[in-house]
Amino acid sequence: GAAVPPPRCGVASVVVGSDLYVFGGLRVNPMSCLNDFWVYSFKTETWKEVQLTSPTKPAGRGRASSTLVASSSSLYLFGGQSGTLHRIFERFERQ
């Protein structure tokens, strides 16, 4: 079947044009913070996992304490919680 992100709550998300970007979140069973990145196309109604080019993936985070914002070519992720607070500011190039 088609790729679909696993169920989760507390994601960081942002809409850019006709795409919805989703990072991380909290998986309930088993309880863990996720660090995967997905994009949903409203045009094609399909999900695609975003492959980050950075050698180090950002730490998993969930709940309502992370924020994802977009600029013309990048996405910025700030904060979040995975047992500890993440005050780091991370930048990702949009695909």
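Residues numbered from 1 in each chain as written. Predicted model: local features only at pLDDT ≥ 70, side-chain atom pairs only at ≥ 80, totals over all residues. Heavy atoms only, no water.

With that settled, consider the sheet that holds strand S3 (residues 32–41). The antiparallel open sheet is built from 4 strands, whose spatial order is S1-S2-S3-S4. The open sheet has two edge strands, strand S1 (12–16) and strand S4 (46–49), and neither has a second partner. The sheet shows a mean angle of 25 degrees between the axes of neighbouring strands, direction not considered. Across 5 bridges, S1 lies against strand S2 (residues 19–27) in antiparallel orientation. Its bridge partner lying in S2, valine 14 is registered against tyrosine 21. (Pairing = 2+ DSSP bridges. Helix = DSSP H or I, 4+ residues; strand = E, 2+ residues; numbered from the N terminus. Axes fitted to C-alpha atoms, helices over the stretch in contact; angles between N-to-C directions.)

Pairing between S3 and S4: 4 bridges, direction antiparallel. Pairing of tryptophan 38 across the sheet is with glutamate 49, part of S4.

Looking now at the side chain of arginine 8. One can find arginine 8 in the segment before S1. Among the polar contacts made by the side chain of arginine 8, one reaches the main-chain carbonyl oxygen of proline 6 at a distance of 3.0 Å. (Polar contact = N/O pair within 3.5 Å; in protein donor to acceptor, adjacent residues only side chain to side chain.)

Our focus in this paragraph is unusual backbone geometry. A cis amide bond links asparagine 29 with the next residue in sequence, proline 30, at an omega value of 0 degrees. Relative to the elements of secondary structure, proline 30 occurs in the loop between S2 and S3. In this model, glutamate 45 sits at a positive phi of 55 degrees, which is unusual for a non-glycine residue. In this fold, glutamate 45 is placed in the loop between S3 and S4.

On to the pattern of salt bridges, then. With the rule as written, the count across this model stands at 1 salt bridge. For arginine 8, the salt bridge identified is with aspartate 36, shortest N-O distance 2.7 Å. Here arginine 8, found in the segment before S1, pairs with aspartate 36, found in strand S3; they are 28 residues apart in sequence, far enough to count as distant. Residue arginine 8 shares its accessibility class with aspartate 36, and that shared class is buried. (Salt bridge = Lys/Arg side-chain N within 4 Å of Asp/Glu carboxyl O. Buried < 20%, exposed > 50% of the residue type's maximum accessible area, 1.4 Å probe, protein only.)

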